[in-house]
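Below, each chain spelled out in residue letters.
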Amino acid sequence: KQWYQRRVRGVQKKILGKTFTKTLIGLIDEDTGIILNTLYQLIKEHTGQADKAKKIIKYLIRFLIKVGVFFKNNAFNDAEMILFSEFKAKYRTTALTFISFSEVNYTYDRELLVDYFGCVFDLLRNLIKRHISPKSLDRLDVVQEVMKDGTLLDALFDYDDIETGLSRHLSVICCKLKNLIDDEKI
């Protein structure tokens, strides 16, 4: 009987995975898709591990979708809606700061950006912790660890190596972030 239950769960996951992938295509806009692809390249080049980069982006997409679904289905209570507003505001501030650091050479502040990313992830954690499993919270920690990696951020904002280093990805990310801000998606 246990074997049968495990088999049924496996089939359900497989079907859900295929459905999720088809649904995902309509939920992530072009600019977000380009940012995610660029982040994948950035993480892959920084770590030298394509599998790790895929895993991080997969987890990130899951969190984007979950928050969107929870919000659309009114799954957040009043306290969580306040957290959602705070999360959106901090996310926007972080994006604007990120863009500012890229536009004005030598203004990059590692500690400030790491702190901002930490606040964004803390707000996200508090927002969704009631709705997701402990395993998913562990996945959030994995994403947070990479996004707050000071050496990755240092390489990304290396103003002296824009042509060949990781910083060549900076303009793509910032251009698409600006589009999302202009379209009021952030």
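About the thresholds
- Counting of residues starts from 1 at the beginning of each chain's written sequence and follows it residue by residue.
- Local features in a predicted model are, by the rule used here, given only for residues with pLDDT of at least 70; side-chain atom pairs are given and counted only at 80 or more, and totals for whole chains, interfaces and linings are based on all residues.
- Neither water nor hydrogens contribute to the side-chain values; these are computed over all heavy atoms in the structure.
- Only one rule defines a salt bridge in this text: a Lys or Arg side-chain nitrogen within 4 Å of an Asp or Glu carboxyl oxygen.
- Here a helix means four or more residues in a row that DSSP labels H or I, a strand means two or more in a row labelled E, and each is numbered from the N terminus.
- Relative accessibility decides the category of a residue: with a 1.4 Å probe and only protein chains considered, values under 20% of the type maximum give buried, values over 50% give exposed, and everything between is partly exposed.
- To pair, rings of Phe, Tyr and Trp, with the six-membered ring standing in for Trp, must have centres within 6.5 Å; the planes then decide the type, stacked if under 30 degrees apart, edge-to-face if over 60, and tilted in the middle.
- For a lysine, the NZ atom is tested; for an arginine, the CZ atom; a charge sits over a ring if that atom is within 6 Å of the ring centre and within 35 degrees of the ring normal.
- Residues are said to line a cavity or pocket when one of their atoms sits within 4 Å of a point; the points come from a 1 Å grid over protein atoms alone, cavities being sets where a 1.4 Å probe fits but cannot get out and pockets being open sets with protein on both sides within 12 Å along at least five of seven lines.
- Grid points are joined across faces, edges and corners, and a volume is the space filled by probe spheres set on the points.
- Every axis in this analysis is a line fitted to C-alpha atoms, fitted for helices over the stretch in contact. Angles between the N-to-C directions lie between 0 and 180 degrees.
- Reported orientations rely on four angle classes, namely roughly parallel under 35 degrees, roughly antiparallel over 145, roughly perpendicular from 65 to 115, and oblique for the rest.
- Should any heavy atoms of two residues lie within 4.5 Å, those residues are counted as being in contact.
- Classes in brief: Ala, Val, Leu, Ile, Met, Phe, Trp, Tyr, Cys and Pro nonpolar; Asp, Glu, Lys and Arg charged; the others, Gly included, polar.

1. A look at the pattern of salt bridges
Summed over the entire model, instances satisfying the criterion amount to seven salt bridges. Aspartate 31 is the partner of lysine 176 in a salt bridge, and the nearest nitrogen-oxygen pair spans 3.6 Å. A residue pair is termed long-range when its members are at least 10 positions apart, and lysine 176 in helix α8 (residues 170–182) and aspartate 31 in helix α2 (residues 30–47) qualify at 145 residues. A residue is classified by how much of its surface remains accessible, and lysine 176, at 17% relative accessible area, is buried. For aspartate 141, the salt bridge identified is with arginine 125, shortest N-O distance 2.1 Å.

2. Some thoughts on the packing of aromatic side chains
Applying the stated criterion across every chain, the model contains eight aromatic pairs. Pairing phenylalanine 101 with tyrosine 108 gives two aromatic rings, centres 6.1 Å apart and planes at 90°, and the pair type is edge-to-face. Judged by relative accessible area, phenylalanine 101 falls into the buried class, the value being 7%. These aromatic residues form a ring-pair network of at least three members: Phe70, Phe71, Phe76 and Phe84. Over the aromatic face of tyrosine 116 sits the side chain of lysine 90, whose NZ or CZ is 4.0 Å from the ring centroid.

3. Quick word on the environment of glutamine 41
Within the fold, glutamine 41 resides in helix α2. Between the alpha carbons of glutamine 41 and lysine 54 there is a distance of 9.4 Å; along the sequence they are 13 residues apart.

4. Regarding the layout of surface pockets
Computed from the structure, the largest pocket encloses a volume of approximately 1,400 Å³. Residue lining of the largest pocket: 42 residues in total, with Thr32, Leu64, Tyr91, Lys185 and Ile186 positioned closest to the centre. Of all the elements in the fold, those that place two or more residues in the lining of the largest pocket are α1 (2–27), α2, α3 (50–72), α4 (78–103), α5 (110–128), α6 (134–147), α7 (150–156) and α8. Among the elements that line the lining of the largest pocket, the one with the most residues is α3, at nine residues.

5. So, the side chain of serine 167
When you line up the elements, serine 167 lands in the loop between α7 and α8. For serine 167, a relative accessible area of 5% puts it in the buried group.

6. Remarks on the packing of α5 against α6
It is the contact of α5 with α6, at a shortest axis distance of 10 Å, that shows an interaxial angle of 170°. With respect to α6, the axis of α5 lies roughly antiparallel. Seen from α5, the contacting residues are Phe117, Gly118, Phe121, Asp122, Leu124 and Arg125; seen from α6, they are Leu137, Leu140, Asp141, Val143, Gln144 and Met147. Per-class residue counts for the contact of α5 with α6 are seven nonpolar, two polar and three charged.

Purely spatial values, then, with no claim about function.
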